[in-house]
Amino acid sequence: MRSIMEESWKREIRDEFDKEYFKALENLVRESYESGACYPSEAYIFEAFRLCPFDRVKVVILGQDPYHGPGQAHGLSFSVHDGVSFPPSLRNIFREIRDDLGVEVPLSGNLDRWAKQGVLLLNDTLTVAHGKAGSHQNLGWEIFTSAVIERLSKKKNSLVFMLWGGHAKTKGKNIDRSRHLVLESGHPSPMSANRGLWFGNKHFSQANHYLQSTGKTPINW
């Protein structure tokens, strides 16, 4: 599994690969993929890292785990393949971008275009079994992704972290807020959004203003 990790990330987190939890995680994930359908496909498990190398990260958006239906997950939080209908949370993300920045809702929910601009679309858990949301939680992924966030927080400056919902806020509690902009709101899921906890957060304009203020190119959302 580690062999498909992008090279700059390998250099930054190589010590994680030698830890016992990661060796156990590799075995558990391998067994899961051999015994039944899991998502994303193995080649896409570290897609977020491939499309957004360590040196290019400007924004981090934290999700929880991949979509668990066929044809949806491809290694980027909240993103779906071209031609796949927008899940409710992604639909609400696009609606907030439209309201915040005046950007029309795109035809595709594939967020490759964000990743290639420096947006790390990171799920807390990187794999899931078919039809079983959260099924690969507590296998060890959370330890790995916490290490990723820790490296970013300590080794980079002036990043934007978007933490949506209680899970993401807890995950990001140790981010160094003296060095980075941390934006928090409710989750874009309908349950949260319909309670007034998502719409109007203006995270996308705030992120771009901050990036520009620190000499970085804003994201074309």
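Everything quoted here is computed from the prediction, not taken from an experiment. Residue positions are given per chain, counted from 1 along the sequence in the order it is written. Local features in a predicted model are, by the rule used here, given only for residues with pLDDT of at least 70; side-chain atom pairs are given and counted only at 80 or more, and totals for whole chains, interfaces and linings are based on all residues. Computation of side-chain values: all heavy atoms of the structure, hydrogens and water removed.

## As for the overall build of the protein chain
Segments assigned H or I by DSSP are reported as helices when at least four residues long, segments assigned E as strands when at least two residues long, and all are numbered from the N terminus. Per the secondary structure count, the protein chain includes nine helices and six strands. Compactness check: the protein chain gives a C-alpha radius of gyration of 17 Å against a globular reference of 17 Å for 221 residues, within 12% of the reference. Here the term buried applies to any residue with accessible area under 20% of the maximum for its type, exposed to any over 50%, and partly exposed to those in between, with areas from a 1.4 Å probe on protein chains only. The buried share of the protein chain, reckoned over its 221 residues, is 54%. Contacts between residues were defined by any pair of non-hydrogen atoms, one from each residue, lying within 4.5 Å. For the protein chain, long-range pairs separated by at least 24 residues make up 64% of all intrachain contacts whose partners lie at least 6 apart in sequence. The Shrake-Rupley method, run with a 1.4 Å probe, gives the accessible areas here. Residue values count only the displayed protein chains as cover. Only carbon and sulfur atoms are counted for the fraction: they give 49% of the accessible area of the protein chain, which is about 10000 Å². Within the protein chain, the 25 negative side-chain charges are centred at a point lying 4 Å from the centre of the 28 positive side-chain charges. Only C-alpha atoms enter the radius of gyration; for comparison, a globular chain is expected to reach 2.2 Å times N to the power 0.38, where N is the number of residues. Neither His nor the chain termini are counted; the positive set is Lys and Arg, and the negative set is Asp and Glu. Charged side chains are reduced to one point each, which is NZ for Lys, CZ for Arg, CG for Asp and CD for Glu.

## What to know about the nonpolar core
We call a set of buried Ala, Val, Leu, Ile, Met, Phe, Trp, Tyr and Cys residues a nonpolar core when their side-chain atoms join them within 4.5 Å. Ranked by size, the top nonpolar core spans 66 residues in total, and within it W114, F144 and W221 carry the most contacts. Other than its neighbours up to four places away in sequence, W114 contacts I61, I93, F94, I97, V119, L121, F204, N220 and W221.

## Brief notes about the pairing of strand β3 (residues 119-123)
Of all five residues that make up β3, five are buried, and the element is covered over most of its length. What you see with β3 is no split at all: V119, L121 and N123 on one side and L120 and L122 on the other are buried throughout. Any two strands are treated as partners once DSSP identifies two or more bridges connecting them. Across five bridges, strand β2 (residues 59-63) lies against β3 in parallel orientation. The residue bridging V59 from the neighbouring strand is V119, located in β3.

## Points about the pattern of salt bridges
Proximity of charged atoms lets side chains of opposite charge pair with each other. By definition, a salt bridge exists where a carboxyl oxygen of Asp or Glu is found within 4 Å of a side-chain nitrogen of Lys or Arg. By the definition in use, this model includes 11 salt bridges. For the salt bridge of R151 with D15, the shortest nitrogen-to-oxygen distance reads 2.5 Å. In this pair, R151 sits in helix α6 (residues 141-155) while D15 sits in helix α1 (residues 7-17), placing the two residues 136 residues apart along the sequence. The salt bridge partner of R98 is D99, with a shortest N-O separation of 3.3 Å. The network of salt bridges with common partners includes D15, E16, K19 and R151.

## With respect to the packing of helix α4 (residues 88-101) against helix α9 (residues 203-213)
Axis definition: a line fitted to C-alpha atoms, limited for helices to the stretch in contact. Angles are taken between N-to-C directions and run from 0 to 180 degrees. Relative orientation of the contacting elements α4 and α9 amounts to 60°, with a least axis distance of 8 Å. Relative to α9, α4 is oriented oblique. For the pair α4 and α9, contact is made by I93, E96, I97, D100 and L101 and by H203, F204 and S205, respectively. In this classification, the charged set is Asp, Glu, Lys and Arg, the nonpolar set is Ala, Val, Leu, Ile, Met, Phe, Trp, Tyr, Cys and Pro, and all remaining amino acids, among them Gly, are polar. A per-class count over the contact of α4 with α9 returns four nonpolar, two polar and two charged. Any angle that is under 35 degrees is reported as roughly parallel, and any over 145 degrees as roughly antiparallel; angles of 65 to 115 degrees are reported as roughly perpendicular and all others as oblique.

## A few points about α6
For the α-helix, the turn length of 3.6 residues means that residues three or four positions removed from each other point alike. To estimate how far a helix should extend, the number of its residues minus one is multiplied by 1.5 Å. The terminal C-alpha atoms of α6, which comprises 15 residues, lie 21 Å apart, in line with the 21 Å expected from a rise of 1.5 Å per residue. Three or more residues of α6 are buried, namely W141, E142, F144, T145, A147, V148, I149, R151, L152 and S153.

Keep in mind that these numbers describe shape and distance, not what the molecule does.
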